[in-house]
Every structure is written in C-alpha cells, then in structure tokens.
Amino acid sequence: MPRTLDGQITMEKTPSYFITREAPRSTKLIVVVRDPVTRAVSDYTQTLTKNPGLPSFQNLAFKNSTTGLIDTSWSAVRIGIYAKHLENWLRYFPLTQFLFVSGEKLVTDPAGEMGRVQDFLGLKRVVTNKHFYFNQTKGFPCLKKPEGSSRPRCLGKSKGRPHPHIPADVLHRLRDFYRPFNMKFYQMTGQDFGWD
Ligand SMILES: Nc1ncnc2c1ncn2[C@@H]1O[C@H](COP(=O)(O)OS(=O)(=O)O)[C@@H](OP(=O)(O)O)[C@H]1O
C-alpha cells in the first residue's frame with residue numbers, strides 16, 4: 001500500500017482482506033457484500049476460467065452430496081459466511097468504522113451506493129447519477145466519461161461474466177445453509193440485504 005500524505009485518501013480493495021489476519025487499525029472499512037449463493041457461483045466462475053478442468057460446483061460445495069453436508073472449507077463457500085467473519089472483525093474494530101455496500105444495489109443503483117460511500121468517507125458527493133449509464137451489451141452500469149478520457153468506461157471482461165448453470169436443488173441447499181448466517185449478519189449490521 002502506498003504512503004498516504006495529508007489530504008489524501010488511500011484506497012485498497014480485494015475480497016480476501018475481509019478474511020485475512022493483518023489489517024491496519026485506524027482505517028475505514030468498506031465491504032461490498034452480495035447474496036452469498038451468487039457470490040459462491042461467481043467465485044467458482046472466476047476459478048473455472050483459470051482452471052477449466054475444475055470439478056463441478058456441486059462436487060466442491062458438498063462434503064457429501066447425499067446428506068447435502070456443505071463443505072465450509074471451500075473458500076467460495078466460506079467467504080460468504082459474512083456473520084462469522086464480521087464477528088472476528090468486531091473484536092478489533094467498532095461497527096462505526098465499517099460501511100457495508102450492497103453488491104446488488106451497486107448494479108441497480110450505482111450512484112445511490114456511491115453516495116453512501118462518499119458520505120462515509122466524508123467526501124463531497126462528486127460522483128452522482130449523471131456519471132453512470134446502463135450498458136445493454138455489458139448488462140451492467142458503466143461510467144459515462146471518466147476524468148481525462150473522452151470515452152465511456154465499463155469494467156473489464158472478468159467482471160460481469162455469465163455464470164454456469166447450477167442445478168436448482170444445489171442452489172436451494174446452499175440458500176438454506178446461508179439463511180441463519182444472513183439473518184445474523186442483518187442483525188449485526190442493522191441492514192437487511194434482502195437475500196432471502
Ligand atoms: N458495473 C459493473 N460492471 C461489471 N460487474 C459489476 C458491476 N457492478 C458490480 N459488478 C459485479 O462485480 C463482480 C466482480 O467483482 P469482484 O469483487 O468479485 O471482483 S474481484 O474479486 O475483485 O475480482 C461481478 O461478478 P460476476 O457477475 O460474477 O462476474 C459483477 O456482478
């Protein structure tokens with residue numbers, strides 16, 4: 001991470017920070033969370049692109065496919081148990097240092113979520129609705145015209161990839177598995193993300 005000078009804000013992002021041991025103390029923490037079931041499939045999709053010989057999603061998600069026992073040691077599943085990870089974080093950081101951004105709203109209302117981010121960081125609301133448009137081809141919002149560029153800018157090919165088909169009963173079992181953790185997470189954050 002680069003040194004931060006007076007008047008500057010250093011931003012760093014990766015999902016794995018949420019489950020790692022090392023993290024600076026005096027910092028604001030922004031966590032983008034989406035439905036853990038979709039998150040697991042997204043995670044799997046990303047790994048599948050790098051390793052096409054990967055076993056099926058259901059092979060990795062279940063310890064035992066007959067009993068439906070979920071394999072929580074698989075990181076794609078484990079990361080989505082947000083309440084557990086947040087429990088650890090709250091041992092060291094107060095809830096006020098966190099902002100939880102809805103991954104779903106980031107797609108349906110990017111300006112709204114960015115408004116919350118700017119408020120949380122104590123910044124003027126510079127990024128607003130007028131900076132976004134919905135790109136039909138990409139199927140996601142994109143930036144109209146980033147600073148210093150004359151062209152619109154969407155996120156790269158690796159963001160917003162189509163997901164493989166996962167059997168409905170597999171998704172159903174996973175949804176049942178996450179439900180109590182989701183409820184706990186809503187309670188802890190005071191936000192209902194509407195994943196059920
Ligand atoms: N505007 C816009 N354009 C494209 N994609 C968008 C956008 N907003 C949110 N998303 C969602 O971001 C998901 C990928 O982000 P990740 O945080 O998983 O990426 S990474 O882990 O840092 O590689 C990615 O997940 P997948 O759909 O599974 O690819 C997207 O759903």
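Every value quoted in this text rests on a predicted model; they were computed, and no experiment measured them.

**Student:** Can you walk me through the site of the ligand in this structure?
**Tutor:** Lining the immediate environment of the ligand, one finds 14 residues, of which Lys13, Ser42, Lys159, Gly160 and His163 sit closest. A distance of 2.8 Å separates a nitrogen atom of the ligand from a polar atom in the backbone of Pro141. At a separation of 2.5 Å, an oxygen atom of the ligand approaches a polar side-chain atom of Lys159. Notes on the ligand: free accessible area 640 Å², of which the protein chains cover 77%. Breaking the shell around the ligand down by element, the ones donating at least two residues are helix 1 (36-50) and strand 6 (140-143). The residue makeup of the shell around the ligand, split by class, is five nonpolar, four polar and five charged.

**Student:** In this structure, what is going on with the UniProt feature "binding site: 3'-phosphoadenylyl sulfate" (unreviewed entry) in the protein? I would like to understand it.
**Tutor:** UniProt records the feature "binding site: 3'-phosphoadenylyl sulfate" (unreviewed entry) at Arg34, Ser42, Lys159, Gly160, Arg161, Pro162 and His163, using the numbering of this structure. Contacts of Arg34, omitting those with residues within four sequence positions, involve Arg39, Ser42, Tyr82, Gly103, Glu104, His163 and Trp195. Structurally, Gly160 can be placed in the loop between strand 6 and helix 7 (168-189). By relative accessible area, Gly160 is classed as partly exposed at 40%.

**Student:** Whenever I open this one, the nonpolar core confuses me. Can you help?
**Tutor:** Among soluble globular proteins, nonpolar side chains are generally buried collectively. Counting residues in each nonpolar core, the largest one holds 18 residues, and the members touching the most others are Phe57, Ile70, Trp74, Val77, Leu174, Phe177 and Tyr178. Discounting residues that sit within four places of it in the chain, Phe57 has contacts with Ala40, Val41, Tyr44, Trp74, Ile166, Val170 and Leu174. Listed in part, the 16 residues of the second largest apolar core include Leu29, Val33, Leu86 and Trp195.

Calculation criteria
- Residues numbered from 1 in each chain as written.
- Predicted model: local features only at pLDDT ≥ 70, side-chain atom pairs only at ≥ 80, totals over all residues.
- Heavy atoms only, no water.
- Near = heavy atom within 4 Å.
- Polar contact = N/O pair within 3.5 Å; in protein donor to acceptor, adjacent residues only side chain to side chain.
- Areas by Shrake-Rupley, 256 points an atom, 1.4 Å probe, with all protein chains shown as cover.
- Helix = DSSP H or I, 4+ residues; strand = E, 2+ residues; numbered from the N terminus.
- Nonpolar A, V, L, I, M, F, W, Y, C, P; charged D, E, K, R; others polar.
- UniProt positions renumbered as here; feature names shortened; annotations may be inferred.
- Contact = heavy atoms within 4.5 Å.
- Buried < 20%, exposed > 50% of the residue type's maximum accessible area, 1.4 Å probe, protein only.
- Core = buried A, V, L, I, M, F, W, Y, C linked by side-chain atoms within 4.5 Å.

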